[in-house]
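Here is how the chains run, residue by residue.
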Amino acid sequence: QKEVEQNSGPLSVPEGAIASLNCTYSDRGSQSFFWYRQYSGKSPELIMFIYSNGDKEDGRFTAQLNKASQYVSLLIRDSQPSDSATYLCAVNMLSGGFKTIFGAGTRLFVKA
Amino acid sequence: GAVVSQHPSWVICKSGTSVKIECRSLDFQATTMFWYRQFPKQSLMLMATSNEGSKATYEQGVEKDKFLINHASLTLSTLTVTSAHPEDSSFYICSAPRTSGFNNEQFFGPGTRLTVL
């Protein structure tokens, strides 16, 4: 089992719709979770982080965390074509020493 | 947000030569920096953790003698790809956590695209 798993997609949604991106992780002791956006040929940029169970909202983005299910998601409301990118889920893990492990990323296409 | 720079942004070299990539934290100190490699359409793969004042920690499968890491100061880490070969061609990205502790986000450099001919 991969340490951080994401559906590679592509996920295609129409402009204005809600895009839902999902991620599961293997280390039950993980405490902090991040969503990054990466445009082609560029390095990742942080969108949101979440530490506690439940929802965290920031503008059009909502991160959801369920530690019991080892599941974290990102919702993008009112999706825009400029949101088209690869979204990386990242988890800070303690096992083997503190490090950040990334999922393979989900490619999102927002159709105008 | 915090700023991390990398230099060069791209480099083309001949097979067998060595290439050095610099990673700098511009407005904060980083006792730890991370080096990632990303092949086309693949995810970031952690190569090693760079530790200021001590040896780097390499991930399984990464050759420490091929990928030399030096964390010379609290704001600078370098990755040297020695005797580069075409299969080393990739996008190399460094990152640094701005604060110590477990709950901290990574700030990424813009990446270095290496092409080995």
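Rules used throughout
Residues numbered from 1 in each chain as written. Chains lettered and ligands numbered in written order. Predicted model: local features only at pLDDT ≥ 70, side-chain atom pairs only at ≥ 80, totals over all residues. Heavy atoms only, no water. Helix = DSSP H or I, 4+ residues; strand = E, 2+ residues; numbered from the N terminus. Rg over C-alpha atoms; globule rule 2.2 N^0.38 Å. Buried < 20%, exposed > 50% of the residue type's maximum accessible area, 1.4 Å probe, protein only. Contact = heavy atoms within 4.5 Å. Areas by Shrake-Rupley, 256 points an atom, 1.4 Å probe, with all protein chains shown as cover. Lys, Arg positive; Asp, Glu negative; His and termini not counted. Charge placed at Lys NZ, Arg CZ, Asp CG, Glu CD. Buried area = accessible area lost by both parts, 1.4 Å probe. Polar contact = N/O pair within 3.5 Å; in protein donor to acceptor, adjacent residues only side chain to side chain. Disulfide = S-S within 2.5 Å. Phe/Tyr/Trp six-rings, centres within 6.5 Å; stacked < 30°, edge-to-face > 60°. Lys NZ or Arg CZ within 6 Å of the ring centre and 35° of its normal. Pairing = 2+ DSSP bridges.

K.L.:
Tell me what's going on with the overall build of chain B, and back it up with residues and numbers.
P.N.:
Helix and strand counts for chain B stand at 0 helices and 11 strands. Along chain B, from the amino end to the carboxyl end, the secondary structure elements read β-β-β-β-β-β-β-β-β-β-β. On C-alpha atoms alone, chain B measures out to a radius of gyration of 13 Å, which is about the 13 Å that the 2.2 N^0.38 rule sets for 117 residues. Counting the 117 residues in chain B, one finds 53% classified as buried. Put simply, 54% of the contacts in chain B that link residues at least 6 apart link residues at least 24 apart. Total accessible area on chain B is roughly 5,800 Å²; 52% of this is exposed by carbon and sulfur atoms. Charge-centre separation for chain B: the mean point of 10 positive side chains lies 5 Å from the mean point of 9 negative side chains.

K.L.:
Quick one: what's the story with the environment of Lys111 of chain A, residue by residue and with numbers?
P.N.:
All names here are of chain A. Summarising the element assignment, Lys111 is placed in strand 11 (residues 106-111). C-alpha separation for the pair Lys111 and Ser69, spaced 42 residues apart in sequence, amounts to 32 Å. Contact partners of Lys111, with chain neighbours within four places excluded, come to Ser12, Val13, Pro14 and Glu15.

K.L.:
Go over the interface of chain B and chain A with me, naming the residues and quoting the values.
P.N.:
Note on interface size: it is often stated as the accessible area lost on association of the parts. In this assembly, 20 residues from chain B lie in contact with 22 residues from chain A. Contact between chain B and chain A buries roughly 1,700 Å² in total, counting both sides, with carbon and sulfur atoms accounting for 59%. The tally of links between chain B and chain A comes to 6 residue pairs in polar contact (both at pLDDT 80 or more). If you list the elements that add at least two residues to the side of chain B that touches chain A, you get strand 4 (32-38), strand 9 (90-97) and strand 10 (106-108) of chain B. Element by element, the count of residues in the side of chain B that touches chain A is highest for strand 4 of chain B, at 3 residues.

K.L.:
Got a sec to walk through the state of the cysteines? Specific residues and values, please.
P.N.:
All names here are of chain B. In this structure the tally under the stated criterion is 2 disulfides over all chains. Between Cys13, a cysteine without a disulfide, and Cys94, which holds the nearest cysteine sulfur, the sulfur-to-sulfur distance is 18 Å. Look at Cys13 and you get buried, because its relative accessible area is 9%.

K.L.:
An account of unusual backbone geometry is requested, with residue identities and associated values reported.
P.N.:
Put simply, Gly9 of chain A and Pro10 of chain A share a cis peptide bond, and its omega is 10 degrees. Note on placement: Pro10 of chain A falls in the loop between strand 1 (4-6) and strand 2 (11-14). For Asp78 of chain A, which is not a glycine, the phi torsion comes out positive at approximately 50 degrees. As for its position among the elements, Asp78 of chain A is in the loop between strand 8 (71-76) and strand 9 (85-93). We note that Ser83 of chain B has phi near 45 degrees; this positive angle belongs to a residue other than glycine. With respect to the helices, strands and loops of the structure, Ser83 of chain B is situated in the loop between strand 8 (76-81) and strand 9. Given the relative accessible area of 34%, Ser83 of chain B is considered partly exposed.

K.L.:
How would you explain the packing of aromatic side chains if you had to name every residue and give the values?
P.N.:
Per the stated rule, a full pass over the model turns up 12 aromatic pairs over all chains. Plain terms: the ring middles of Phe67 of chain B and Tyr92 of chain B are 6.5 Å apart, the flat faces sit at 40 degrees to each other, and that makes the pair tilted. Separated by 25 residues along the polypeptide, Phe67 of chain B in strand 7 (residues 67-73) and Tyr92 of chain B in strand 9 bring together distant segments of the chain. Members of the aromatic cluster, joined through ring pairs, are Phe34, Tyr36, Phe49, Tyr51 and Phe102 of chain A together with Tyr36 and Phe108 of chain B. A cation over an aromatic ring shows up here: Lys66 of chain B above the ring of Phe67 of chain B, its NZ or CZ 5.9 Å from the ring centre.

K.L.:
So what's going on with the pairing of strand 7 (residues 61-66) of chain A? Residues and values would help.
P.N.:
Each regular strand shows side chains that alternate between the opposite faces of the sheet. Residue and element names in this part refer to chain A. In this sheet, strand 7 lies alongside strand 6 (residues 54-58) in antiparallel orientation, the contact comprising 5 bridges. Looking at strand 7, one finds that Lys56 is bridged to Ala63. Connecting the antiparallel pair strand 6 and strand 7 is a turn made up of 2 residues, with Gly59 showing a positive phi of about 65 degrees. Here 6 bridges tie strand 7 to strand 8, and the two strands are oriented antiparallel to one another. Directly across from Thr62, in strand 8, lies its bridge partner Leu75. Connecting strand 7 to the antiparallel partner strand 8 that follows it, the hairpin turn spans 4 residues, and Gln70 within it adopts a positive phi of roughly 55 degrees.

Without other data, these values stay purely geometric and don't point to any function.
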